[in-house]
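Analysis of the macromolecular model
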Amino acid sequence: MIRFVLQKIKNKKWLTTCLLLGLVFLVAAVSCQPMFKAGSLNKMLLDSFHNAGEEAEAYPAVIGRTGAYVTEKRQTAAAVLDGMKGYQQTWEKYLGSIQAVNTQTILTLDEQSAQGAYGGKGKYLKVSYMPDMLAHTQVLVGEDYDAYAGNLYGCMLSESVMDACGFTVGETLEFPLWTDADGETLKLQICGIFKETDSTDTFWYTAPNTMEQEMFVSEETFDAIVKQFAPEKINYATNVLLDYTKINQKNVADVQYYIEQFHKEDESFTDSFLNLLKQYQKDKKTIDITLWVLELPLLGLVLAFIYMVTGQIIDTEQGEIAMMRSRGYRRSQIVALYALQACILCLVAMLIGTPLGYGLCKLAASTTDFLTFHAGNLSMYHFTPVMLVYGLAASAVGILFILIPVVIHSGVSIVQQKSDQKINKKMFWEKYFLDIVLLGVSIYLLHNFNQEIDKIRARALLGAKMDPLIFLDSVLFIVAMGLVVLRLLHYLVQLVYHIGRKKWRPAVYASFLQITRNFRKQGFISVFLILTVAMGLFNANAARTINQNYENRIRYADGADIRLQETWKMQAFYVSANDIDYNYVEPDPVKYDEPVKQGLCTSMAKVIRTNNISVSRGKTKIANCEFMGIHTKDFGETAYLQEELNRDVHWYTYLNELAQQENGVILSKNLAAALEVKVGDVVDCSRYGDSVLKKETVRGTISGKVVAIVDAWPGFVQYTYEDGEETEHYLIVANYAKTVQSFKISPYEIWYKLADGVDSDAVRAVIDAGGTKLSSYTALDRDIDAMKETAMIRITNGMFTLSFIIALILCMIGFLIYWISSIRQRELLFGVYRAMGLSEKEINRMLVNEHLFSTLPSILAGGACGGVATYLFVRLFGVIYLPQKHNLSIYVYLDQMDVLKLVAVLLVMILLCIVILRRLVRSLNITQALKLGEE
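Residues numbered from 1 in each chain as written. Predicted model: local features only at pLDDT ≥ 70, side-chain atom pairs only at ≥ 80, totals over all residues. Heavy atoms only, no water.

Under an unreviewed UniProt entry, the protein has the name ABC transporter permease and belongs to Wujia chipingensis. The record in UniProt for the protein states the following under Sequence similarities (unreviewed entry): "Belongs to the ABC-4 integral membrane protein family." Database annotation for the protein, UniProt heading Subcellular location (unreviewed entry): "Cell membrane". (UniProt positions renumbered as here; feature names shortened; annotations may be inferred.)

Spelled out as structure tokens, the structure:
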């Protein structure tokens, strides 16, 4: 039987090769899913840790414990550390491979009032000991406590304690309330001032500049103080910094479980990332659904291709099947024969498809935009054994789809085959109007989704998993509309045929007969062509829309190519004996011009930004408004605002109005509505203090005349969200000079517009070279790159790109298969036509006419279906990906280059098909065909 099957494969080598190709793509598409999923989840988890670290400006994966031991049980630092070691060993036992990269432990005694010998400020300080501290510190002044050889106990202070208390090296600190058994007070001598050796050293989870009460002593000194002054307890705080790169999608659930158990069993246990792991579990569900939903249309197309090719094979072997039935073969034997053939092909498909799936996953993971690739770090995407399981499952489904037409035709005998010659038998979906029903269901679901769009947005904001039915409905719409359009095309061709059937020339007449009589056979390739074009266009538009809207929102929120702010010093001074005020010390502003001088930037603007502002008119007062003080000319040359915003008047007009009015202000539309003001009215803008003591103190007021009311403004995000809760913000813009005059000099941001071809890294290098310490930094190009690197966007771009590429390849192959098989099967018919007097030129004209009235309408119909689906569904997709309210509405983007690529591929496919068909017609044995035709 195996030899017979191999001979069958050899006899139908081209069709079998195409079937094998379909199975290879099926195995590849399915087997790449677990690899893509695992890599995406690992990347999402790693990005979450990185982002958490950047937001908190601290190491993101830390576990620890805070507590105290009474000195009756543990009187030395070593004893306390030994007790803490038990906890650390327990954590290490359960967390397994998640090793610690560093550990910071601080032992402290209760704070006591201290007084400096040189009259420094009295303050409550803590005697502290930190193991291994000296290996990670740099002594700025004096010496470390190990080198100290004085008579008193030696201690080291951080710069922050020195600055806050005014202490100096060599000064003696006395604790008057802390006495020993003989009545002697504790005295410490400051031997050194230190800071960390490297600010990026993970040892310093709690940095020295945040320790404003700690005085550090050696272990021996710490033990001696405990022994002499007998404090009630020794406090401790330990922080274990875990290697979060070892936390991945395989062990993250276990890590989360153990962290939760640690909290349950130990109230003093602390961690910094349990909420991050919980959020990961929510996002994981969304990733799972998104991957399958985006892949299902591709799998449907591949299975349709397999079914189509199998149908072509069965059509060519109907006589052979009927002969086998007449010779006594049971249906089960015939099905088993084809099942063996399918198993052999699937075995080969597994060998080819699994490595191809690996490559496709790498290709999808490298996408940064639709059909745009960048070979970045893909180390997280690697082969997993589960891929083989998925490949086997895909092979089983492929075998099932191969056997469906076999089962249908395996019961046909020779007599039935000869008698069942009904031409143009209606297909199932056409006969029972299934296409109309499915289209109605799809439109009904779309209507419901549009009615519940606010609920969909709310669920997305709360982090609920997306409804896959929204995506599946778009596929259902494309399939149903494709079938409806195909039905209409059939009617249209019949109408054209009937109108001119008495006028057509023989070649044209014969081509119309072929189209109308073989609609059932041509229908499948026409549907495949329609779906390929429609889904390709829809996927391209959906990907472009999601990417571009994300990018537009980032561009709007950033406001300019680069925004940065230097750390400003706050200088306090006494206004009176009981009142302290402050002024800001402006850093040297000359260095900010350097990027412009070097040609890296075309313009620069200073922008005073704060939200310690209240705006009032009459009795109505709005607090915490966002404020901008700007130089109108510089701001207009540097900032960016999308053209679709403030459509009625260009935003430069508002800048001109502000420039002409010294005390003019621009209000956001929502602020103007809240205050019930219009252009020409006057509002009061009050600035409150930045320091804790001056939060409620008005430091200046601008009585501003409203010169403009705007819908949007560069860098102004009207709505922000936290845990699903919406917060609305208000904006007021004033002249820079008036701002400084009324509010005094305040920390300002520097906005830059980059020159063409320059990236933000070049500007950052110039800023860093000047030794500038930044408190904030935003770069548009880096923010956009980071957005494209997120797991959801990478999955979306990757799956849409893969679907587009594979669909086009299968469409081209399927199209060629159909027409080559059609020519082979019509060899006798061509002989008849030639015997009747048709020339080879007229035969070619007949084939061109068939393409003109079957292929071309299908392509145009596919484009129309894709366009309508884009109009109806893509905006809904945008709400799922970008559910937040925003100044920018969601716009649907159609990239002409995507359409041109699709058209180019289809034109190449058609031209290639015509060339092959012409060569095939010429290569036919015309003499034999003519002889057959004459007979």
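And the narrative resumes.
A short note on the environment of Asp-110
Along the polypeptide, Asp-110 turns up in the loop between strand E2 (100-108) and strand E3 (112-116). The class for Asp-110 is partly exposed, based on a relative accessible area of 35%. Taking the C-alpha atoms as reference points, Asp-110 and Leu-802, 692 residues apart in sequence, are found 63 Å from one another. Excluding its chain neighbours within four sequence positions, the residues that come into contact with Asp-110 are Leu-125, Trp-178, Lys-233 and Asn-235. (Helix = DSSP H or I, 4+ residues; strand = E, 2+ residues; numbered from the N terminus. Buried < 20%, exposed > 50% of the residue type's maximum accessible area, 1.4 Å probe, protein only. Contact = heavy atoms within 4.5 Å.)

Side note on helix H23 (residues 760-769)
For H23, the complete set of buried residues consists of Ser-760, Val-763, Val-766 and Ile-767. For H23, the angular spread of the buried residues around the axis is 125 degrees, confining them to a single face. Contacts made by the buried residues of H23 are with strand E14 (562-566), helix H18 (594-597), strand E17 (601-617), strand E25 (748-754), strand E26 (774-779) and helix H24 (780-789). Of the residues one or two after H23, Gly-771 is the one with positive phi, at around 75 degrees. (Arc of directions from axis to C-beta.)

Observations concerning the side chain of Ser-366
Structurally, the position occupied by Ser-366 is in the loop between helix H9 (331-365) and strand E12 (367-369). Of the residues examined, Ser-366 reaches a relative accessible area of 8% and is grouped as buried. Looking at Ser-366, its side chain comes within polar contact range of the main-chain oxygen of Leu-363, at 2.7 Å. With near-sequence residues (within four places) excluded, Ser-366 lies in contact with Thr-372, Phe-373, His-374 and Leu-378. (Polar contact = N/O pair within 3.5 Å; in protein donor to acceptor, adjacent residues only side chain to side chain.)

Some thoughts on the packing of helix H13 (residues 434-451) against helix H15 (residues 468-500)
For the pair H13 and H15, the least separation of the axes is 8 Å and the interaxial angle reads 145 degrees. The two elements H13 and H15 cross, and the hand of that crossing is left-handed. Of the residues in H15, those in contact with Asp-435, Ile-436, Leu-438, Leu-439, Val-441, Ser-442, Ile-443, Leu-445, Leu-446 and Phe-449 of H13 are Leu-469, Ile-470, Asp-473, Leu-476, Phe-477, Ala-480, Met-481, Leu-483, Val-484 and Arg-487. Among the residues forming the contact of H13 with H15, the class breakdown is 16 nonpolar, one polar and three charged. (Axes fitted to C-alpha atoms, helices over the stretch in contact; angles between N-to-C directions. Left-handed = near helix turned anticlockwise from the far one by under 90°. Nonpolar A, V, L, I, M, F, W, Y, C, P; charged D, E, K, R; others polar.)

Let's talk about the packing of aromatic side chains
One pass over the structure, following the stated rule, counts 30 aromatic pairs. Geometrically, the ring pair formed by Tyr-69 and Tyr-236 is stacked, given 5.3 Å between the ring centres and 25 degrees between the ring planes. Of the two residues, Tyr-69 sits in strand E1 (residues 62-70) while Tyr-236 sits in strand E10 (residues 233-242), which places them 167 residues apart along the sequence. Among the residues examined, Tyr-69 registers a relative accessible area of 16% and is labelled buried. Taken together, the aromatic side chains of Trp-91, Tyr-94, Tyr-257, Tyr-258, Phe-262 and Phe-269 make up a single cluster linked through ring pairs. Its end group placed over the ring of Tyr-640, Arg-555 keeps NZ or CZ at 5.3 Å from the ring centre. The ring of Tyr-777 carries Arg-764 above its face, with NZ or CZ at 4.3 Å from the centroid. (Phe/Tyr/Trp six-rings, centres within 6.5 Å; stacked < 30°, edge-to-face > 60°. Lys NZ or Arg CZ within 6 Å of the ring centre and 35° of its normal.)

Let's talk about a nonpolar patch on the surface
On the surface, Phe-428, Tyr-432, Leu-434, Val-437 and Val-441 cluster together into a nonpolar patch covering about 490 Å² of accessible area. Broken down by element, the residue count for the nonpolar patch peaks at three residues, all from H13. Locating Leu-434 in the fold gives a position in helix H13. Relative accessible area serves as the criterion here: at 34%, Leu-434 is assigned to the partly exposed category. (Patch = residues over 30% accessible without salt bridge, like charges linked within 9 Å, V, L, I, M, F, W, Y side chains within 5 Å. Areas by Shrake-Rupley, 256 points an atom, 1.4 Å probe, with all protein chains shown as cover. Salt bridge = Lys/Arg side-chain N within 4 Å of Asp/Glu carboxyl O.)

Considering the pattern of salt bridges
Counted according to the given criterion, the structure contains 20 salt bridges. With a shortest N-O distance of 3.9 Å, Asp-681 and Arg-617 are connected by a salt bridge. Taken together, the positions of Asp-681 in the loop between helix H21 (669-675) and strand E20 (682-688) and Arg-617 in strand E17 put the pair 64 residues apart, joining distant regions of the chain. Put simply, Lys-43, Asp-47, Glu-789 and Arg-794 are held in one network by salt bridges that share partners.

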